[in-house]
Amino acid sequence: MPRPLSISSIKARMPVRYRFHPLIRWVMIAFTALIAGYSIYFLVRWVNADTPMFFKITPLVILYIGLDSLFRHLTALNEVIFTPECLWLRFIIKPAIPIPWDNLRALQLQKRITYYLYIGYTDLKGQQKLYKTPASFPKMTEILYNIADLAPQVEMNEELAKMVAYLREIADKPETS
C-alpha cells in the first residue's frame, strides 16, 4: 500500500531547505572520480603501441562516461531553499540562483524521456530566464506545492495545475484519527 502524502505549507516556518542527502551525493562524486582516475591510470600504465585497439578505446569510453557523470553531479541542483524573500536554487560548483517570489513567471512539468521541471523567472538583472531540472529531486511534490502557494501569480501547465489543486485538497484536509 502506498504511503499517504503529507503536504503542508511552509509559510510559517521559513527558511526551509530541501536537498539531496549529502552522503549519497558525495559518494557518487567520489565513485565517478575514482572511475575517471582509474581509466587515466589504465591508459598511462597499461596501454602502449602493442595493445589491441579494444583496450585502447574502452578506457577512453569509460573515462568519458565517468567525467560526464562527475560533471553532472557537480552541476546538478543540490538544494532548494525557501526564504521569505526568494527561492534559492543551489548547486555544488555553479553559482546559486536567487529568484524573488514576485519574479517567478511559470512552472511547467513536462515529460521527455523523464519528467523535467521548467521554472520561468525574471533574474535580478531583468532578463527572462528558464531553468530546467529533472523532477527526480527529493520531495518534489511538496516543493511544487509550496512554490505555487508562495507565488500565486505563477502560470502552470494544465497537468501541473491539476496536481497542485489536488495537493491543496490534501493539505487543507483536517487530520482525522
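Quick note: structure is the one above.
Residues numbered from 1 in each chain as written. Predicted model: local features only at pLDDT ≥ 70, side-chain atom pairs only at ≥ 80, totals over all residues. Heavy atoms only, no water.

Our next topic: helix α4 (residues 158–172). In a regular helix each residue adds 1.5 Å, so 15 residues correspond to 21 Å; α4 covers 21 Å between its end C-alpha atoms and thus fits that length. Inspection of α4 places L160, V164, L167 and I170 among the buried residues, and these make up the whole buried set. Taken around the axis of α4, the buried residues stretch over an arc of 115°, which confines them to a single face. Away from its buried face by more than 90 degrees, α4 exposes E158, K162, E169 and D172. Among the structural elements, β5 (104–111), α3 (140–150) and β8 (155–156) are those in contact with the buried residues of α4. (Helix = DSSP H or I, 4+ residues; strand = E, 2+ residues; numbered from the N terminus. Expected span 1.5 Å × (residues − 1). Buried < 20%, exposed > 50% of the residue type's maximum accessible area, 1.4 Å probe, protein only. Arc of directions from axis to C-beta. Contact = heavy atoms within 4.5 Å.)

Soluble, globular proteins show a tendency: their nonpolar side chains are buried together. One finds V80, F82, L89 and I119 to be the most contacted residues of the largest nonpolar core, which totals 32 residues. Every element with two or more residues in this core is listed here: β1 (16–19), β2 (77–82), β3 (86–91), β4 (97–100), β5, β6 (115–122), α3 and α4. For this core, the element with the highest residue contribution is α3, accounting for six residues. Beyond its immediate chain neighbours, meaning those up to four positions away, I119 contacts L89, I99, L104, A106, L107, K129, L130 and Y131. (Core = buried A, V, L, I, M, F, W, Y, C linked by side-chain atoms within 4.5 Å.)

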